[in-house]
Each structure stands twice: as C-alpha cells, then as structure tokens.
Amino acid sequence: MRVTHATTAAAFAAAVLVSQLVGSDLEVGSDAAYAQQRSVADGVYTGDQARRGRDHYRKRCILCHLDNGQGREAEPVIVGQSLEREGDPEAPPVAGEAFLKKWNGRTAKALYDTMRTTMPVGSAGSLSPQEYADVLAYLLELSKLPAGQQELPAAPDRLDLITIKQ
Amino acid sequence: MSTRRLLTSVITLVACGWAAYVVSVSVAAQQRNELAGMARLSGTVTAPQAFKAAQVYVRNVDKNILYMVFTSGGQFRALALFPGNYEVSVKAKGLESDVQTLALRAGENAKLSVAMHAGQGVDPAPQANVTFARYSEIYPQGPGLQVIEQGCMRCHDENFIPARPASEDVWRARLGHMTGAELNVRDSRAYNEGALAGRVQWFPFSTKDKEEFIAYVAKHYGTDAKPRFVRAEQEVPLDEAALGKAMFMEYYLPIDPPGTGSSSPEFAKRGRGIRWGQDVRFDPEGNVWLTDRGYPHRLVKLNPRTGQQKDYAYPDGASNGNHDLTIDRFGIVWAPEHMGLKPDGAKRILGFNPKTEKWEYQAPADPDNVIRNSVKWMQSMALDSKSNLYVGWIMGGALSKYERATGKVKVYPISERGAVPYGVIADRNDNIWMAMWNSGKLVKFDSINEQWTEFAPLTFPSHIRRLNVDAQNNIWAAIWNQGRRPGKLAKLDQTTGRFTEYSVPLWTAQPYDVAPDADGNIWFADSPTPDRVALISKFNPRTQTFAFYPKPQFQADSPKIQVTREGAIWFSPRGSRNQPAVSVLYPDMDKITTLAAFYQYGPPGNPWPSPPVSQTARR
C-alpha cells in the first residue's frame with residue numbers, strides 16, 4: 001500500500017514537472033518571444049488554436065455574433081417587423097475591419113479581459129482562461145490575421161505585449 | 001288589433017322616436033359645445049382609375065397632429081380639427097396625391113378637392129434584398145416543416161425564419177437558445193430562452209424533430225439564401241361605407257433635439273435613439289397616459305382637448321425598464337419596472353402621483369426573493385375592487401400582489417410550468433387572469449383563496465399575449481400567430497366553463513390585445529405583416545362579423561388598446577420608428593362629443609360599475 005502511494009506521488013510530481021516544462025512551450029511560447037512588443041500581424045496564434053477557438057465560438061458565441069464574427073447590428077427596419085427585440089440583442093462585430101478599427105492601438109490583454117469579464121452575456125467567465133485565449137485566436141483568424149508558430153497565451157501579462165493593429 | 005292596442009303601439013313608437021330624437025339632439029348639442037372651436041373639412045377625391053377607401057391625411061403642422069379619414073364614394077370629411085395650418089394628401093393602392101396646404105379657422109367648414117395620380121400609394125416602398133413569395137415556395141414540403149409550423153410559427157409567425165438566413169451552425173445555436181442549451185451553466189436571460197426545453201414545452205419536440213428542423217432550415221434558409229417573406233395573398237376586406245364614418249387621430253410625440261433625451265450619448269445607442277410608445281390608459285380627467293419605452297423612460301400625459309403633452313421621467317436614471325401602466329381610482333399611475341439597462345437589477349413597483357408630480361410609491365416587487373432566477377422583470381398588471389395591484393413577472397413566471405392599504409408585497413409563483421405571463425386582468429369577482437405567452441393557456445388566480453386554475457382554449461398549444469373581460473364577466477383572449485392557421489378570438493364563458501373561438505377572416509391576422517366596447521363589440525389590435533397594413537379591428541359577437549380599419553402607419557403594431565365610453569379606441573403605434581404617437585380611432589366620428597378620453601365607469605377601466613372604495617384603502 002505504501003509502495004503504491006509513493007509510486008503514485010512520484011508519478012504525479014513527475015507529471016507536474018513535465019507538464020510545466022512542456023506546457024510552457026506549447027501553450028505560451030518561450031519567454032524570449034514575449035520579451036518585446038509585438039503586433040497581431042506577427043503571427044501570435046496557431047492554426048490548431050484557432051480551430052479549438054472555433055469550436056468554442058460555435059457553442060458559446062455564434063448565436064449573437066454570427067458565423068464570421070460580423071455581429072448583429074440593430075435589426076434592419078423591415079416593414080411589419082416589430083421593434084420588440086427583447087432576447088434578440090444587438091451584438092457588435094468581433095472580427096473584420098470594423099472590429100480591428102475599434103480595437104486599434106489597444107492590447108490583446110484589453111480584449112481578452114473584456115471577453116473574460118463580459119462574455120458570454122449572463123455567464124461571463126464561464127469559459128476557462130485557455131478557452132478565452134483560443135476564441136481570441138479564432139477572432140484573429142476571422143480577421144484575416146496570419147497564424148504563427150506559437151499559441152496565443154492565456155497569460156494577461158504576455159497578452160499585454162501584443163498590440164492590435166488594423 | 002284592437003283600437004286600444006293600436007293606440008298603445010302608436011304612443012310607444014312616438015315615445016321611442018322622441019327619446020331617440022332627444023338623445024340625438026343632446027349628443028349634437030354636446031358636440032357643438034365641446035367642438036365649437038374646431039373646424040371641419042370635407043371634399044372630393046378623384047383619380048384616373050377606380051379606388052376604394054382612399055386614406056386622406058390631414059396634418060395639423062402647428063400641433064403635429066394627424067387626422068386620417070377614408071373616402072366613401074370619392075367623398076371624405078373630417079371634424080374636430082384644431083384651428084391652424086394643415087397639409088392634406090391622399091393615398092390609395094397605387095395612387096397618391098400631391099400635398100395641399102390650407103389654414104383652418106375656428107368654426108370653419110372648409111371644402112377641398114384632391115386629385116390622385118399613379119404612385120406608390122398606401123403600400124410601403126419595396127426594400128432592397130427583401131423578396132416575397134408564396135407560402136408553398138418558401139416552405140416546401142419535407143421533414144422538418146411540421147416542426148416549424150407547430151413548434152416555431154406558434155409564436156414567430158411565418159416570416160420570422162425565412163427573414164433570417166444563416167449557416168447551419170447559427171441555426172443550431174438558435175435551436176440551442178430555444179431549447180435552453182446554456183441553462184445548465186447560467187440563469188435564463190430572456191423569457192423566450194428555453195421555451196422549447198424538453199420538460200416545459202408544449203410541442204412534442206423529439207431529437208429526430210431537432211435534426212430534421214436543422215436539415216430543413218439549413219437547406220432552405222442557409223447562408224446563401226436571401227431574406228424572404230410570405231406574400232399576403234388576401235386583400236384586407238374593407239367596408240368603404242363604414243370606413244367613411246371613421247376617423248383616426250395621431251398626436252405625435254416631440255422628437256428630442258440632437259444630443260438630448262433619447263438621442264443623448266448616454267442613450268442613443270442602447271435606446272436606439274428613438275421614443276417608443278407602448279401602452280395607454282385614461283385618467284379621471286380625460287387625459288391619456290402613455291409609457292414611452294425609449295431611453296430615458298418617460299410617462300407622457302396627453303390632454304386630447306388641446307393636444308398638449310407633458311413628460312415625466314422615471315426615477316433613478318429612467319432606465320430600469322418600463323412597459324405597461326395602469327391608473328387606479330385615486331388617479332395614481334402605476335408602472336412596474338421591466339427589463340431596462342440592468343436586466344438583473346432589483347425591480348420595483350412604481351406609482352406616480354399626477355397631483356404632486358412625484359413618484360410616491362417605489363416598492364420592491366419581490367422582497368423575499370421568491371423568484372430565484374437572477375434575471376426577472378415585470379410587465380402587465382391589474383387592479384382588483386379594493387385597488388390592490390397585481391403584477392405579472394413575464395420574466396420569472398410569478399404574480400406579485402401589492403396590497404394598497406398596507407404597501408406589503410407578496411409573490412405567488414404561477415402554477416403552469418415554464419410560465420411566461422403576458423397580459424393580466426381582473427374579473428368582476430376579483431379573480432386575476434393571465435395570458436400565458438408560452439403555451440396559450442389562460443390562468444386564473446383566485447385572490448381570495450389564493451388558488452390557481454388553468455384553462456386551455458380549443459386551439460392549444462398557441463400563443464396569447466393579451467386578454468380582457470367583458471361586461472358579462474366572459475374572458476376574451478386573442479390567439480396570436482398561427483402560421484397557416486388564422487388568428488382567432490377566444491371567449492371563455494365563466495358560467496359554463498366553455499370556450500368558443502372565432503377565426504378572423506383574414507389569413508394574416510395577428511390579433512394582439514382585445515377590449516370590449518359599451519355595445520358588446522370586441523375590438524382588437526392586429527399586427528401588420530411586411531405587405532399587409534396594421535389594423536384596428538372589430539368583432540361583433542351578435543352578428544359574428546368582423547370589420548377592419550387600416551391604421552395611418554402601415555407598419556406600426558399596437559400591443560394595447562383602450563376603449564372610451566363613446567367607443568373610441570386609443571392605442572400607441574408602437575412599431576413606429578419615426579412617428580411615435582398617442583393615437584385614437586373614432587369608428588363613427590359623428591358620435592364624438594369630446595376629444596377627452598373617459599372610461600365608461602372611470603379608472604381602471606372595468607366594463608362594470610366599480611363598488612365604492614374606502615379612502616383607507618389608499619395608503
């Protein structure tokens with residue numbers, strides 16, 4: 001019994017160590033990569049990450065922000081359609097030119113924090129930090145920004161070094 | 001027949017005739033007095049082709065009031081016109097006139113001839129990217145159609161889905177919204193969310209149904225589809241002779257100057273930058289009160305005798321949600337808080353005293369947190385004979401009772417599963433009735449014994465928004481969109497417990513609110529479709545006939561109507577984006593004795609005399 005416990009504890013410690021070592025590279029990239037200010041045009045996410053983000057987006061975001069992040073503007077005035085829109089709220093674009101223009105000059109951290117603290121409406125913070133980062137990667141992909149070799153980190157201090165530019 | 005019997009008959013006839021004459025003279029005298037300072041206008045409308053019931057718009061540009069009358073045999077007339085400057089134009093199907101201007105003096109009886117020419121006429125201008133098609137073209141037969149017709153159209157009508165083409169992913173998300181896919185991780189944010197969840201919905205909606213629905217909408221209303229609407233293939237049946245007696249008036253709300261009020265930086269975006277009329281009620285002095293749901297929220301007091309309006313902002317930022325109002329026998333205007341800019345904020349029952357012009361009552365509406373959902377808001381309300389106030393929680397599925405004498409609030413969860421109470425009314429026995437938006441049931445709350453009873457109309461499940469009670473204590477409800485089934489009026493006879501339904505002979509009918517007049521007719525607001533005008537309509541239960549009155553604003557639906565003792569129908573053209581207003585239909589303009597609006601028996605507008613209420617009932 002004691003042997004089993006000891007073996008398990010050792011294995012767990014090893015696993016933690018390995019995950020920290022490996023995970024640091026896989027998930028947030030090397031420290032050197034984030035030592036300097038970068039732009040979203042510099043390939044700050046990976047294609048795999050964007051694909052994960054797309055899955056989250058389809059489950060949690062697409063109802064309001066629609067397929068390509070174009071959002072739902074104030075509904076077109078269609079004759080015969082009531083102005084009553086409760087439960088069908090306006091949603092801003094989260095990808096594309098208008099989106100990048102809105103966030104131009106601000107950091108990825110500011111956007112990440114906004115997503116985490118306000119979205120989805122009614123259940124802000126209900127995605128994990130990594131899932132929010134993945135969704136953000138997908139929004140960058142939808143905005144035609146290039147993918148790179150390293151994932152967008154779920155670390156606010158590192159996201160603070162990434163600037164959003166049109 | 002004996003001489004004596006003949007003599008009796010003659011005397012009776014003469015007496016009846018004399019009485020009728022006296023009444024008509026009396027009405028005419030009142031009309032002369034109240035309307036003495038007003039003007040009249042009549043005239044002839046011509047056109048290069050035949051037309052029927054052309055709409056004559058007589059706009060007082062000084063007061064921003066519109067009168068709209070209809071031609072009958074090419075003739076028209078309007079009365080009770082405020083002296084001032086006017087613009088007159090006429091429209092019919094495919095015909096319209098140029099605008100003529102004229103000035104009317106007090107007491108003047110002016111004449112006018114108007115010529116129409118080919119033009120857009122009364123129909124709205126075509127919209128880019130919006131096409132119309134037959135129902136069978138938009139909804140081809142196939143698996144999934146039944147789900148749409150029985151599950152979706154019950155609330156959404158036949159135009160909602162084809163007007164919103166999207167990818168399969170989006171359709172899945174929409175279905176997830178309706179089935180409450182997110183509700184295991186958060187509270188519901190809107191009362192439509194989860195309406196098709198498995199344990200609360202009334203339509204049998206299987207997993208197979210869901211997949212067939214997704215396949216159907218992805219195929220027919222996918223990303224590549226254009227928004228489409230079902231063409232209204234039936235013309236609204238119009239009785240030109242009846243319309244020739246009718247007159248609409250619209251008292252337009254002043255639009256806020258740029259940068260202020262609804263167009264201020266604070267509210268311009270969230271409030272859509274517009275004023276937004278909702279419900280109307282009459283006070284004891286004949287004024288009409290309106291809830292303006294735009295931001296900032298306002299109560300609007302209109303004196304119809306002068307056209308003067310006064311606004312009163314709701315308390316605490318005027319943004320915590322508003323919807324209905326009611327006025328009690330002491331003149332207090334009650335207005336519960338609705339969704340607002342803080343949907344999950346605490347909601348109150350507000351009471352405004354017009355004498356002090358202050359919000360004197362601000363009672364927490366769920367003080368004991370009986371409704372556990374974090375998002376909850378109120379909507380409609382009713383007053384019992386003791387002036388106690390009952391408010392439905394449309395988002396929350398409950399009923400709050402505000403006891404007038406003590407100011408205490410008690411909350412009663414509604415018996416029906418997934419309850420979404422819309423309209424609320426009180427019957428003659430102080431039972432509180434509610435229309436279930438989610439199922440189409442009527443629910444009765446016995447306020448004495450605190451018991452619930454549910455009633456399912458013959459058409460079930462369905463979608464009912466508003467209901468009302470007539471002088472015989474029958475409950476009337478308007479069965480809303482039915483897709484391919486016509487809209488209906490349903491009557492519940494409380495003495496027998498039997499429902500009777502009357503189909504509106506207009507396939508596009510979307511009856512909303514219902515209200516009886518003093519003659520026993522049932523009036524209802526009928527929402528428009530994209531190519532069928534908004535209507536105020538009348539049902540005569542004795543002859544079982546319907547009459548339709550096209551409203552001045554084609555697209556402006558009206559959720560609530562109120563009927564005066566003279567039979568005038570007041571409403572707000574809620575759907576109006578550019579011309580929010582307080583409006584009225586006089587079905588017979590010759591019966592107008594005053595422009596003021598009075599209930600037959602005073603506030604709150606019951607169709608029976610109210611018993612005396614001790615002043616102690618008022619806190």
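All figures in this text were calculated on a predicted structure; none of them were measured in a lab.

Q: Explain the overall build of chain B residue by residue, including any values.
A: Of the regular secondary structure elements, chain B holds six helices and 37 strands. C-alpha extents for chain B along the principal axes are approximately 75 × 70 × 65 Å. Within the span of chain B, comprising 619 residues, buried residues form 49% of the whole. When contacts within chain B are restricted to residue pairs at least 6 apart in sequence, those whose partners lie at least 24 apart make up 58%.

Q: Summarise the domain arrangement of chain B; cite the residues concerned and give the values.
A: Residue and element names in this part refer to chain B. For chain B, the domain assignment lists domain 1 (39-121), domain 2 (135-230) and domain 3 (240-617). Placing a centre on the C-alpha atoms of domain 1 and another on those of domain 3 gives a separation of 32 Å. If you look at the interface, domain 1 gives 17 residues, while domain 3 gives 17 residues. Elements represented by at least two residues in the side of domain 1 that touches domain 3 include exactly β3 (65-70) and β4 (75-81). Ranked by residue count, the leading element in the side of domain 1 that touches domain 3 is β3, at six residues. Classifying every residue of the side of domain 1 that touches domain 3 by side-chain character gives eleven nonpolar, four polar and two charged.

Q: Describe the pairing of strand β20 (residues 389-393) of chain B, naming the residues involved and giving the relevant values.
A: Residues and elements named next belong to chain B. Among the five residues in β20, five count as buried, and that is most of the element. Taking every second residue as pointing to the same face, both faces of β20 are buried, with Leu389, Val391 and Trp393 on one and Tyr390 and Gly392 on the other. Taken together, the three bridges between strand β19 (residues 381-383) and β20 define a ladder with antiparallel strand orientation. For leucine 383, the partnering residue across the bridge sits in β20 and is leucine 389. Hairpin connection of β19 to β20: five residues between the antiparallel strands, including serine 387 at a positive phi of 65°. Inspection of the sheet shows β20 paired to strand β21 (residues 398-402) by five bridges, in the antiparallel sense. Within β21, the position partnered with leucine 389 by the bridge is tyrosine 402. From the end of β20 to the start of β21, which pair antiparallel, there are four residues, and glycine 396 there has a positive phi angle of about 145°.

Q: Please set out the packing of helix α3 (residues 145-156) of chain B against helix α5 (residues 207-220) of chain B residue by residue, giving values where relevant.
A: Residue and element names in this part refer to chain B. Here α3 crosses α5 at 105°, and the two axes come no closer than 8 Å. Here α3 lies roughly perpendicular to α5, going by the angle between them. Contact residues: Leu145, Val147 and Ile148 in α3; Asp209, Glu212, Phe213 and Tyr216 in α5. The residue inventory of the contact of α3 with α5, partitioned by class, reads five nonpolar, no polar and two charged.

Q: Which residues make up the sheet that holds strand β32 (residues 522-526) of chain B, and what values do they have?
A: Sheet strands associate in pairs through backbone hydrogen bonding, adopting either a parallel or an antiparallel arrangement. Residues and elements named next belong to chain B. Read across the sheet, four strands follow the order β31-β32-β33-β34 without closing on themselves; strand pairing throughout is antiparallel. Each having just a single partner strand, β31 (511-516) and β34 (545-550) make up the two edges of the open sheet. Averaged over neighbouring strand pairs, the angle between their axes works out to 20° when direction is ignored. Pairing analysis gives five bridges linking β32 to strand β33 (residues 535-540), with the strands arranged antiparallel.

Q: Describe in detail the pairing of strand β22 (residues 409-413) of chain B, supporting the description with residues and values.
A: All names here are of chain B. Judged from the five bridges that link them, β21 and β22 form a sheet pairing that is antiparallel. Across the sheet, residue lysine 401 finds its bridge partner in β22, namely lysine 410. Once β21 ends, the chain turns through six residues before running back antiparallel as β22, passing glycine 407 with a positive phi of about 80°.

Q: Explain helix α5 (residues 108-118) of chain A to me, and be specific about the residues and the numbers.
A: Residue and element names in this part refer to chain A. Looking only at α5, the buried set comprises Ala108, Leu111, Tyr112, Met115 and Arg116. Viewed along the axis of α5, the buried residues span an arc of 130°, placing them on a single side of the element. Facing away from the buried side of α5 by over 90 degrees, the exposed positions are Thr117 and Thr118. For α5, the secondary structure elements touched by its buried residues are α4 (97-103), α6 (129-142), α7 (156-159) and β2 (162-163).

Q: How would you sum up α5(B)? Please name residues and give values.
A: Side chains of residues three or four places apart in an α-helix project in the same direction, reflecting 3.6 residues per turn. Residue and element names in this part refer to chain B. The first and last C-alpha atoms of α5 sit 20 Å apart over 14 residues, in line with the 20 Å expected at 1.5 Å per residue. Here α5 has its buried residues at Phe213, Tyr216, Val217 and Ala218. At its buried positions, α5 is contacted by α3 and α4 (168-179).

Q: Got a sec to walk through the interface of chain B and chain A? Specific residues and values, please.
A: Contacts between chain B and chain A engage 34 residues on the former and 18 residues on the latter. Taken together, the residues that form the side of chain B that touches chain A break down as 14 nonpolar, nine polar and eleven charged.

Q: Kindly report on the packing of α4(B) against α5(B), identifying the contributing residues and their values.
A: Residue and element names in this part refer to chain B. Two numbers describe how α4 lies on α5: the axes approach to 9 Å, and their chain directions differ by 140°. In this view, α4 runs oblique relative to α5, as classed from their interaxial angle. Between α4 and α5 lies a crossing whose hand is right-handed. Contacts between α4 and α5 pair Glu168, Trp171, Arg172 and Leu175 from the former with Lys210, Phe213, Ile214, Val217 and Ala218 from the latter. Class assignment for the residues of the contact of α4 with α5 results in six nonpolar, no polar and three charged.

Q: Quick rundown of the nonpolar core? Include the residues and the values.
A: Counting 139 residues, the largest nonpolar core has Val56(B), Ile464(B), Leu467(B), Ala477(B) and Ile569(B) as the members making the most contacts within it. For this core, the element with the highest residue contribution is β3(B), accounting for six residues. Apart from the residues lying within four places of it in its own chain, the contact partners of Val56(B) are Val45(B), Met68(B), Val69(B), Phe70(B), Thr71(B), Phe76(B), Val88(B) and Val90(B). Ranked by size, the runner-up nonpolar core spans 52 residues in total, among them Cys61(A), Met115(A), Leu140(A) and Leu196(B).

Q: Before we move on, could you go through the sheet that holds strand β23 (residues 421-426) of chain B and cite the residues and values that matter?
A: Residue and element names in this part refer to chain B. Spatially, the four strands line up as an open sheet ordered β23-β24-β25-β26, and their pairing is antiparallel. Edge positions in the sheet fall to β23 and β26 (451-455), since each has one partner strand and no second. Each strand axis lies, on average, 20° off the axis of its neighbour in the sheet, ignoring direction. Sheet topology places strand β25 (residues 442-446) next to β26; five bridges connect them, and they run antiparallel. Following the sheet pairing, valine 443 is matched in β26 by glutamate 454.

Q: I'd love a proper account of the confidence of the model for chain A, names of residues and values included.
A: All names here are of chain A. Confidence along chain A averages 79 in pLDDT terms, with 69% of residues attaining 70 or more. When pLDDT is averaged over each element of chain A, α6 comes out on top at 98 and helix α1 (residues 2-28) at the bottom at 39. Below a pLDDT of 50 lies the segment residues 1-29, which in the model reaches ten contacts outside its immediate sequence neighbourhood of four places, other chains included.

Cut-offs used in this document
- Residues numbered from 1 in each chain as written.
- Chains lettered and ligands numbered in written order.
- Predicted model: local features only at pLDDT ≥ 70, side-chain atom pairs only at ≥ 80, totals over all residues.
- Helix = DSSP H or I, 4+ residues; strand = E, 2+ residues; numbered from the N terminus.
- Buried ≥ 20, exposed ≤ 12 C-beta atoms within 10 Å, placed from the backbone.
- Contact = placed C-beta atoms within 7 Å.
- Domains from an automatic or database assignment.
- Nonpolar A, V, L, I, M, F, W, Y, C, P; charged D, E, K, R; others polar.
- Pairing = 2+ DSSP bridges.
- Axes fitted to C-alpha atoms, helices over the stretch in contact; angles between N-to-C directions.
- Parallel < 35°, antiparallel > 145°, perpendicular 65-115°, else oblique.
- Arc of directions from axis to C-beta.
- Expected span 1.5 Å × (residues − 1).
- Left-handed = near helix turned anticlockwise from the far one by under 90°.
- Core = buried A, V, L, I, M, F, W, Y, C linked by C-beta atoms within 7 Å.
- pLDDT = per-residue confidence, 0-100.

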